[in-house]
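Each chain is listed here by its residues.
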Amino acid sequence: MQFDVVTLFPEMVISAASYGVTGRAIERKIVSLSTWNPRDYTADKHKTVDDRPYGGGPGMVMKHQPLHDAVMDAKQTATGSTKVVYLSPQGKPITQALLSEACGISQLILVAGRYEGVDERFVQLDCDDEWSIGDYVISGGELAALIVIDAITRLLPGVLGHEESAKQDSYMDGLLDYPHFTRPEQLEGYLVPDVLLSGNHADIACWRMKQALGRTWQRRPDLLKNKNLSAEQEQLLQQFKNEV
Ligand code: 9WO
């Protein structure tokens with residue numbers, strides 16, 4: 001999969017993506033990452049990428065032309081299907097399902113805005129979609145683009161060393177994670193649950209599923225509303241409720 005980020009801060013994107021899972025996926029050529037700087041598509045001597053907002057008010061707006069030309073150049077490098085996405089708090093909230101769907105696209109062009117945002121006509125004319133990583137404002141779209149790249153990359157075949165990890169993720173699909181423990185066995189009087197030391201893998205799987213269901217019920221009941229639980233899961237959740 002090919003990621004292209006349109007950004008005034010290309011080094012920020014390249015350096016952050018060079019770590020960990022995304023860094024390895026790039027090295028192993030499972031994904032590619034390129035940046036396109038709107039500043040390189042300006043013609044004036046000051047390399048102006050922004051201008052004052054019509055109607056007045058504080059701040060500056062990113063001009064259409066440099067963004068448009070950067071996206072056009074990025075599209076020239078496509079080898080298959082392309083999607084252009086603007087990242088903003090006004091966008092569609094990203095979910096695991098939306099990101100899974102995006103795995104099927106061969107080129108994802110992510111546009112990171114700065115200042116007060118981009119000329120609305122760029123969103124309307126040049127972008128296929130607008131995505132949000134959550135209901136908060138950050139200082140620019142780069143960190144949002146990096147989150148999208150990270151979340152999609154880990155879904156691609158061969159990226160997570162263990163194919164098990166991906167399977168485990170889908171097994172727990174739509175639920176919060178269960179608690180994890182490592183040595184020591186006792187910490188400030190807090191013991192590791194006995195079942196995890198039992199060596200009984202079926203019991204451990206049951207306990208973990210019960211914890212995942214229970215924590216989701218306690219912390220994110222909204223996630224359970226849109227989920228069909230199996231009879232066994234219903235029973236485990238009932239046990240959890242009875243225990244608290
Ligand atoms: C700035 C601003 C200033 C005064 C009043 C309202 C304001 N809104 C913004 C604003 O949204 N600035 C954005 C900064 C412009 C586009 C890039 N920036 C951005 C992207 N901030 N937060 C995101 C973002 C992206 C994806 N998901 C969540 C947040």
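Scoring rules and cut-offs
Residues numbered from 1 in each chain as written. Predicted model: local features only at pLDDT ≥ 70, side-chain atom pairs only at ≥ 80, totals over all residues. Heavy atoms only, no water. Patch = residues over 30% accessible without salt bridge, like charges linked within 9 Å, V, L, I, M, F, W, Y side chains within 5 Å. Areas by Shrake-Rupley, 256 points an atom, 1.4 Å probe, with all protein chains shown as cover. Salt bridge = Lys/Arg side-chain N within 4 Å of Asp/Glu carboxyl O. Helix = DSSP H or I, 4+ residues; strand = E, 2+ residues; numbered from the N terminus. Buried < 20%, exposed > 50% of the residue type's maximum accessible area, 1.4 Å probe, protein only. Near = heavy atom within 4 Å. Polar contact = N/O pair within 3.5 Å; in protein donor to acceptor, adjacent residues only side chain to side chain. 1 Å grid on protein atoms, 1.4 Å probe; cavity = no way out; pocket = protein on both sides within 12 Å on 5 of 7 lines; lining within 4 Å. Sits in = over half its atoms within 2 Å of the grid points. Pairing = 2+ DSSP bridges. Axes fitted to C-alpha atoms, helices over the stretch in contact; angles between N-to-C directions. Core = buried A, V, L, I, M, F, W, Y, C linked by side-chain atoms within 4.5 Å. Domains from an automatic or database assignment. Phe/Tyr/Trp six-rings, centres within 6.5 Å; stacked < 30°, edge-to-face > 60°. Points joined across faces, edges and corners; volume = space filled by probe spheres on them. Nonpolar A, V, L, I, M, F, W, Y, C, P; charged D, E, K, R; others polar.

So, about a nonpolar patch on the surface. A grouping of Tyr136, Ile138 and Leu143 is seen on the molecular surface, where their side chains present a nonpolar patch of about 280 Å² in accessible area. Assignment of secondary structure puts Tyr136 in the loop between strand S7 (129-132) and helix H6 (142-153). The exposure class of Tyr136 is partly exposed, given its relative accessible area of 44%.

We now examine the site of the ligand. Taken together, 18 residues lie near the ligand, and Tyr86, Gly113, Glu116, Ile133 and Ile138 sit nearest. The backbone of Ile133 places a nitrogen or oxygen atom 2.8 Å from a nitrogen atom of the ligand. A distance of 2.8 Å separates a nitrogen atom of the ligand from a polar atom in the backbone of Ile138. With the chains in place, 74% of the 590 Å² that the ligand exposes on its own is no longer accessible. Under a 2 Å grid-point criterion requiring more than half of the atoms, the pocket assigned to the ligand is the second largest pocket. Counting only elements with at least two residues in the shell around the ligand, the list comes to strand S5 (82-93) and S7. If you tally residues by element for the shell around the ligand, the top one is S5, at 4 residues.

On the basis of which strands lie adjacent, the open sheet formed by 5 strands has the order S2-S1-S6-S5-S7 and parallel pairing. The open sheet has two edge strands with one neighbour each: strand S2 (32-36) and S7. Across this sheet, the average inter-strand angle for adjacent strands is 30°, counted without regard to direction. Two strands pair when backbone bridges link them, and S5 and strand S6 (residues 107-112) are joined in this way by 6 bridges, in the parallel orientation. Across the sheet, residue Lys83 finds its bridge partner in S6, namely Leu108.

Take the nonpolar core next. Counting residues in each nonpolar core, the largest one holds 27 residues, and the members touching the most others are Phe3, Leu87, Leu108, Leu110, Trp131, Val148 and Ile152. Among the secondary structure elements, those contributing two or more residues to this core are strand S1 (2-6), helix H1 (10-17), S5, helix H4 (96-102), S6 and H6. With 7 residues, H6 is the largest single contributor of residues to this core. Val49, Ala74, Phe122 and Cys127 belong to the second largest nonpolar core, which has 18 residues in total.

A word on the domain arrangement of the chain. By the assigned domains, the chain splits into domain 1 (2-153) and domain 2 (168-243). Spacing between the C-alpha centres of domain 1 and domain 2 amounts to 37 Å.

Our focus in this paragraph is the packing of aromatic side chains. What characterises a pair of aromatic rings is the spacing of the ring centres plus the angle enclosed by the ring planes. This model, assessed by the stated rule, comprises 2 aromatic pairs. For the pair Phe181 and Tyr190, a centre-to-centre distance of 6.2 Å together with 65° between the ring planes defines the contact as edge-to-face. An angle of 80° between the planes, with centres 6.3 Å apart, marks the rings of Trp217 and Phe240 as edge-to-face. Taken together, the positions of Trp217 in helix H8 (residues 201-219) and Phe240 in helix H10 (residues 231-243) put the pair 23 residues apart, joining distant regions of the chain. The exposure class assigned to Trp217 is partly exposed, which follows from its relative accessible area of 30%.

The computed volume of the second largest pocket comes to approximately 460 Å³. Of all the elements in the fold, those that place two or more residues in the lining of the second largest pocket are S5, helix H5 (120-126) and S7. Here the lining of the second largest pocket is built from residues that sort into 12 nonpolar, 9 polar and 5 charged.

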